[in-house]
Amino acid sequence: QSAWNQTKIVTTLDSNLQQFINDLLENRLKSLSSKNINNAAAIVIDSKTNEIIAWVSVGSKCKETMNKASGCLIDMVTAPRQPGSSLKPFLYGAALEKDWTAVTIIEDLPYSNRIGQGIHHFHNYSNSYYGKVTLRTALGNSLNIPALHTINYVTPEKYLFILQNLGFKSLTQAADYYDEGLALGNGEVTLFELAQ
């Protein structure tokens, strides 16, 4: 027998769950192929033991190209990516700590700001505006414009400090690099950090 056959590897991964999630992600990528989405990842952590029970990173073209397609050798669990709105609860938590409440009114109206040499016109994902909304409504509907007003209230420096203290070590730039865009997820973080 070879040394490989005698090696025992101990892991917290659940092989059945690992395979289930792998198949789930591969099938999802097939359904998204027309949108040019080629990679997906998932991590599952047991909340009672903090053990990682599934860690999956797949590419839709990896099997047929023997891992030579773009992104096949990148572990998407540890690759920094823009998190979109997934960090907004931390932003609103910072505003609540500062002195806002769940019923604080925030304006959701057209909003523009200077970015570099030009003007950027921000919008909600729905391309609609809802006027005056409560913090609860803004967070519950993941509205972008109220999030920008919130980061201006909290300040990008304070929000970045909070995120770094929560364990987002991949946010290595200064606050003025991310500026208010940090409220909308322009700072790249890893799925592993997010799961923590």
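Above this text sits the structure in question.
Below, the structure is looked at part by part.

Rules of the game
- Residues numbered from 1 in each chain as written.
- Predicted model: local features only at pLDDT ≥ 70, side-chain atom pairs only at ≥ 80, totals over all residues.
- Heavy atoms only, no water.
- Salt bridge = Lys/Arg side-chain N within 4 Å of Asp/Glu carboxyl O.
- Helix = DSSP H or I, 4+ residues; strand = E, 2+ residues; numbered from the N terminus.
- Buried < 20%, exposed > 50% of the residue type's maximum accessible area, 1.4 Å probe, protein only.
- Phe/Tyr/Trp six-rings, centres within 6.5 Å; stacked < 30°, edge-to-face > 60°.
- Axes fitted to C-alpha atoms, helices over the stretch in contact; angles between N-to-C directions.
- Parallel < 35°, antiparallel > 145°, perpendicular 65-115°, else oblique.
- Left-handed = near helix turned anticlockwise from the far one by under 90°.
- Contact = heavy atoms within 4.5 Å.
- Nonpolar A, V, L, I, M, F, W, Y, C, P; charged D, E, K, R; others polar.

### Thoughts on the pattern of salt bridges
Across all of its chains, the model carries one salt bridge by this definition. Ionic pairing is found between Glu-107 and Lys-132, a salt bridge with its closest N-O pair at 3.4 Å. With Glu-107 in strand 3 (residues 105–108) and Lys-132 in strand 6 (residues 131–134), the pair connects residues that are 25 residues apart, well separated along the chain. For Glu-107, a relative accessible area of 37% translates into the label partly exposed. A relative accessible area of 60% places Lys-132 in the exposed class.

### Overview of the packing of aromatic side chains
In this description, a pair of aromatic rings is defined by centroid distance and the angle of the planes. In this structure the tally under the stated criterion is five aromatic pairs. Plain terms: the ring middles of Trp-55 and Phe-192 are 5.6 Å apart, the flat faces sit at 40° to each other, and that makes the pair tilted. Placement of the pair is Trp-55 in strand 2 (residues 52–59) and Phe-192 in helix 8 (residues 191–195), with a sequence separation of 137 residues. A relative accessible area of 27% places Trp-55 in the partly exposed class.

### Side note on unusual backbone geometry
Located in the positive-phi region is Asn-36, a residue other than glycine, with phi close to 60°. Along the chain, Asn-36 turns up in the loop between helix 2 (15–31) and strand 1 (39–45). Positive phi outside glycine occurs at Asp-99, with the angle close to 155°. If you trace the backbone, Asp-99 turns up in the loop between helix 3 (88–98) and strand 3. Residue Asp-99 is classed as exposed on the basis of its relative accessible area, which comes to 53%.

### Some remarks on the packing of helix 3 against helix 6 (residues 156–166)
Helix 6 packs onto helix 3 with a crossing angle of 120° between their chain directions and a minimal axis gap of 10 Å. Viewed along their axes, helix 3 and helix 6 adopt a mutual orientation that is oblique. As helix 3 packs across helix 6, the resulting crossing turns out to be right-handed. In contact with Lys-88, Phe-90, Leu-91 and Ala-94 of helix 3, helix 6 contributes Tyr-159, Ile-162, Leu-163 and Leu-166. Classifying every residue of the contact of helix 3 with helix 6 by side-chain character gives seven nonpolar, no polar and one charged.

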